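Structural features, examined
The primary structure of each chain is shown beneath.
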Amino acid sequence: ALAKRAFGALMGVRDAFIEHFAEDNLGYGPGPIMGREKWQSRPAAPFKLEWSPEAGEIAASGDFGYTFGPWQLRSPDAPEAPPAAGHFFSIWERDTQGRFRNVLDHGIDHALAPLATEAVRRGPPAAKARAARLSPAATNTRLQSLLTADRELARAVATATGVSARKTVASDDIAWLRNGSLPTYGPAAAPSDGAIDAQQLASLRIAASGDLAMSTGWNGDATKAAVYVRVWRHDGRAWQLVVDYLQIPPAS
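Scope of this entry: the structure provided in the associated data block. (Residues numbered from 1 in each chain as written. Predicted model: local features only at pLDDT ≥ 70, side-chain atom pairs only at ≥ 80, totals over all residues. Heavy atoms only, no water.)

Here we look at the overall build of the protein chain
Scanning the protein chain from N- to C-terminus turns up 5 helices and 14 strands. The buried share of the protein chain, reckoned over its 252 residues, is 48%. Contacts in the protein chain between residues far apart in sequence, at least 24 positions, make up 59% of those at least 6 positions apart. Accessible surface, the protein chain: about 12,300 Å² in total, of which carbon and sulfur atoms supply 55%. (Helix = DSSP H or I, 4+ residues; strand = E, 2+ residues; numbered from the N terminus. Buried < 20%, exposed > 50% of the residue type's maximum accessible area, 1.4 Å probe, protein only. Contact = heavy atoms within 4.5 Å. Areas by Shrake-Rupley, 256 points an atom, 1.4 Å probe, with all protein chains shown as cover.)

So, in structure tokens, the structure goes:
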């Protein structure tokens, strides 16, 4: 499994994140920051955080993947009160010891939803054998094409054509993650976010097999920060968008 169920409940929220975050975990506050260092600077808090992955995907090389699913946060000061709830969205990479580490962690808020009891594997059928790593030259070519796809989409979403641009690059099974609602699926469910300020790229990550990747960035506005995270799947010809997360400031 890419993630341990309810580790926040078992270890304590702060210690759990520090334990599972990679050294180079990327967070936002409001611009890009080192996420693990942010959690290390926080005092321990007696909250109970539970989550469970309901869906995930892993690259053919087995070194990169993502999970998302419902979370619930309860305060011991009000154990009978309805918990805060939403969906988490995590990106994972294997470290040099072969352990999956969280390299980026975000989430959305919505009404209470039950924790998942099992996770669905997303993406194409599992390969019969581990895919070979791409050569350095092939990896660079694939990475450059990912950069192009991400920047073209960023330019489009800064205009009124954003919804149609997302649909054009979306996979048939795309998951949309937005505050206020459960995940929605499919190109037809593309949300109408309105024009988003030009998005600055903060990080690209790609699997050794070159079939799964992540891009993330923000709009550069510390007063009204908008953060995006996109997971891309390469079908052998082009990159397709498979998870689209956008955190935008509430309308004033």
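Some details on the packing of aromatic side chains
Applying the stated criterion across every chain, the model contains 4 aromatic pairs. Their ring planes at 35° and their centres at 5.1 Å tell us that Trp 51 and Phe 88 sit as a pair that is tilted. Taken together, the residues span a long stretch of sequence, with Trp 51 in strand E3 (residues 48–51) and Phe 88 in strand E6 (residues 84–94) at a distance of 37 residues. Side by side, Trp 51 and Phe 88 carry an identical accessibility label, which is buried. Pairing Tyr 66 with Phe 89 gives two aromatic rings, centres 6.5 Å apart and planes at 75°, and the pair type is edge-to-face. Here Tyr 66, found in strand E5 (residues 64–74), pairs with Phe 89, found in strand E6; they are 23 residues apart in sequence, far enough to count as distant. No difference in accessibility class separates Tyr 66 from Phe 89, as the two residues are buried. Aromatic rings pair up to connect Tyr 66, Phe 68, Phe 89 and Tyr 245 into one cluster. Here the basic side chain of Arg 230 rests over the ring of Tyr 228, its NZ or CZ set 3.9 Å away from the ring centre. (Phe/Tyr/Trp six-rings, centres within 6.5 Å; stacked < 30°, edge-to-face > 60°. Lys NZ or Arg CZ within 6 Å of the ring centre and 35° of its normal.)

Re the side chain of His 106
Mapped onto the secondary structure, His 106 falls in strand E7 (residues 100–109). The contact partners of His 106, leaving out residues within four places of it in the chain, are Tyr 28, His 87, Phe 88, Phe 89, Val 227, Val 229 and Tyr 245.

Some details on the side chain of Arg 178
Looking at the secondary structure, you find Arg 178 in the loop between strand E9 (170–177) and strand E10 (184–185). Look at Arg 178 and you get buried, because its relative accessible area is 10%. Reaching out from Arg 178, the side chain makes a polar contact with the side chain of Asp 244 at a distance of 2.6 Å. Once residues lying within four places of it in the same chain are set aside, the contact partners of Arg 178 are Ile 108, Arg 166, Pro 191, Asp 193, Asp 244, Tyr 245 and Leu 246. (Polar contact = N/O pair within 3.5 Å; in protein donor to acceptor, adjacent residues only side chain to side chain.)

A few points about the nonpolar core
Formed by 25 residues in total, the largest nonpolar core has its most connected members in Phe 64, Tyr 66, Phe 68, Phe 89, Ile 91, Val 231 and Val 243. If you list the elements that add at least two residues to this core, you get strand E1 (21–28), E5, E6, E7, E9, strand E12 (212–218), strand E13 (227–234) and strand E14 (239–247). Beyond its immediate chain neighbours, meaning those up to four positions away, Phe 64 contacts Glu 57, Ile 58, Ala 59, Ile 91, Trp 92, Glu 93, Phe 100, Arg 205, Ala 207, Leu 212, Ala 213 and Met 214. (Core = buried A, V, L, I, M, F, W, Y, C linked by side-chain atoms within 4.5 Å.)

What about helix H4 (residues 136–157)?
Quick reminder: α-helices carry 3.6 residues per turn. Residues three or four places apart thus point the same way. With 22 residues, H4 extends 31 Å between its outermost C-alpha atoms, agreeing within 8% with the 32 Å of an ideal straight helix rising 1.5 Å per residue. Those residues of H4 not exposed but buried are Arg 142, Leu 146, Ala 149, Asp 150, Arg 151, Leu 153, Ala 154, Ala 156 and Val 157. Its buried side turned inward, H4 meets helix H5 (162–169), strand E11 (200–206), E12, E13 and E14. (Expected span 1.5 Å × (residues − 1).)

Looking at the sheet that holds E13
Strand order in the open sheet made by the 6 strands is E10-E9-E14-E13-E12-E11, with mixed pairing throughout. Unpaired on one side and paired on the other, E10 and E11 mark the two borders of the sheet. Relative to E10, E9 runs antiparallel, the two sharing 2 bridges. Each bridged residue has a counterpart across the sheet, and for Trp 176 the counterpart in E10 is Thr 184. Along the sheet, H5 makes contact with E9, E13 and E14, crossing E9 at roughly 130°. (Pairing = 2+ DSSP bridges. Axes fitted to C-alpha atoms, helices over the stretch in contact; angles between N-to-C directions.)

Quick notes on the environment of Arg 94
Topologically, Arg 94 is positioned in strand E6. Since its relative accessible area comes to 36%, Arg 94 is described here as partly exposed. Spatially, the C-alpha atom of Arg 94 lies 9.9 Å from that of Ala 207, the residues being 113 residues apart in sequence. One polar contact links the side chain of Arg 94 to the main-chain carbonyl oxygen of Gly 62, over a distance of 2.6 Å.

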